[in-house]
Amino acid sequence: AQTVTQSQPEMSVQEAETVTLSCTYDTSESDYYLFWYKQPPSRQMILVIRQEAYKQQNATENRFSVNFQKAAKSFSLKISDSQLGDAAMYFCAYKWDDMRFGAGTRLTVKP
Amino acid sequence: GAVVSQHPSWVICKSGTSVKIECRSLDFQATTMFWYRQFPKQSLMLMATSNEGSKATYEQGVEKDKFLINHASLTLSTLTVTSAHPEDSSFYICSASPGDEKLFFGSGTQLSVL
């Protein structure tokens, strides 16, 4: 069974600084998708970034980028120039047929 | 972007009653819909996967007779919590897929059973 592990329950970053959230996963599949979702207090799931496993190039979306290491089954999220609005729960997710989530990392941004 | 509408946003019911939650894809056809449950400060746990016109596939430990899922059309799936009890109180989130890797989420339903 596929599992997703986020080993950082909480992270904190100073406004305008950079923070990296970790995620590892376990799968026997070779073609799958990885995601990072943000869940603010409203609890609406917001897609931050998506990575296709067959693509070696790391995905980037403005201030958000990933470091995808397929052999190591690692998928970390880097947030650059952190803003107060980035504060939220961040979930790493794996999708092959269905989508499975990690336990989440609560990100605090300090002004 | 694609929109998934989930209703109601919150519901309070008495123990022993049933509650129905609706999930609609507004601007695309959802071949597959997923139902998740989220307890406070925890992750989303997949409850079941439903495909239009067929029976839902439930995750291990999820009672299919308690959580009835109907996916009658390509735009609507419903989750009915039957004979609800306080331990069923939780945040329920639906998501819908147009058939590719994308997944669009509803805004969730907070169920409180008294």
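Here, the structure is the one placed above.
Engineer: Report on the interface of chain B and chain A, specifying residues and quantitative values.
Structural biologist: Listed by partner, the interface residues are 20 residues for chain B and 18 residues for chain A. If you sort the residues of chain B by the area they bury against chain A, Ser 43, Glu 101 and Phe 105 of chain B come out on top, with a joint share of 35%. Between chain B and chain A we count 2 salt bridges in total. Across the pair Glu 59 of chain B and Arg 100 of chain A runs a salt bridge whose closest N-O atoms are separated by 3.0 Å. Secondary structure elements with two or more residues in the side of chain B that touches chain A: strand S4 (32-38), strand S5 (44-51) and strand S9 (90-97) of chain B. Among the residues forming the side of chain B that touches chain A, the class breakdown is 8 nonpolar, 7 polar and 5 charged.

Engineer: Let's hear about the pairing of strand S7 (residues 67-73) of chain B: which residues, and what values?
Structural biologist: Note on strand geometry: in a regular strand, side chains alternate between the two faces of the sheet. Residues and elements named next belong to chain B. Both S7 and strand S8 (residues 76-81) contribute to a ladder of 5 bridges, which runs antiparallel. Pairing of Ile 69 across the sheet is with Leu 79, part of S8. The hairpin turn running from S7 into S8, its antiparallel successor, is 2 residues long.

Engineer: Report on the pattern of salt bridges, specifying residues and quantitative values.
Structural biologist: One pass over the full model with this rule turns up 10 salt bridges over all chains. The closest approach of N and O atoms between Glu 101 of chain B and Arg 50 of chain A, which form a salt bridge, is 3.3 Å. One end of the pair, Glu 101 of chain B, is in the loop between S9 and strand S10 (104-105); the other, Arg 50 of chain A, is in strand S6 (residues 46-52), on a second chain.

Engineer: Describe the nonpolar core, and please don't skip the residues or the numbers.
Structural biologist: Of all hydrophobic cores here, the largest spans 25 residues; its most connected members are Tyr 25, Trp 36, Phe 75, Leu 77 and Tyr 90 of chain A. Elements with a contribution of two residues or more to this core: strand S3 (19-21), strand S5 (33-39), S6, strand S8 (64-69), strand S9 (74-79), strand S10 (88-95) and strand S12 (105-110) of chain A. Per element, the largest residue contribution to this core is 4 residues, and it comes from S10 of chain A. Residues contacting Tyr 90 of chain A, with those up to four places away along its chain left out, are Gln 6, Leu 21, Trp 36, Tyr 37, Lys 38, Val 48, Phe 64, Leu 77, Ile 79, Gly 104, Thr 105 and Leu 107 of chain A. Judged by nonpolar contacts, the second largest core, of 23 residues, contains Val 19, Cys 23, Met 47 and Ala 48 of chain B.

Reading the values: rules and limits
- Residues numbered from 1 in each chain as written.
- Chains lettered and ligands numbered in written order.
- Predicted model: local features only at pLDDT ≥ 70, side-chain atom pairs only at ≥ 80, totals over all residues.
- Heavy atoms only, no water.
- Contact = heavy atoms within 4.5 Å.
- Buried area = accessible area lost by both parts, 1.4 Å probe.
- Salt bridge = Lys/Arg side-chain N within 4 Å of Asp/Glu carboxyl O.
- Helix = DSSP H or I, 4+ residues; strand = E, 2+ residues; numbered from the N terminus.
- Nonpolar A, V, L, I, M, F, W, Y, C, P; charged D, E, K, R; others polar.
- Pairing = 2+ DSSP bridges.
- Core = buried A, V, L, I, M, F, W, Y, C linked by side-chain atoms within 4.5 Å.
- Buried < 20%, exposed > 50% of the residue type's maximum accessible area, 1.4 Å probe, protein only.

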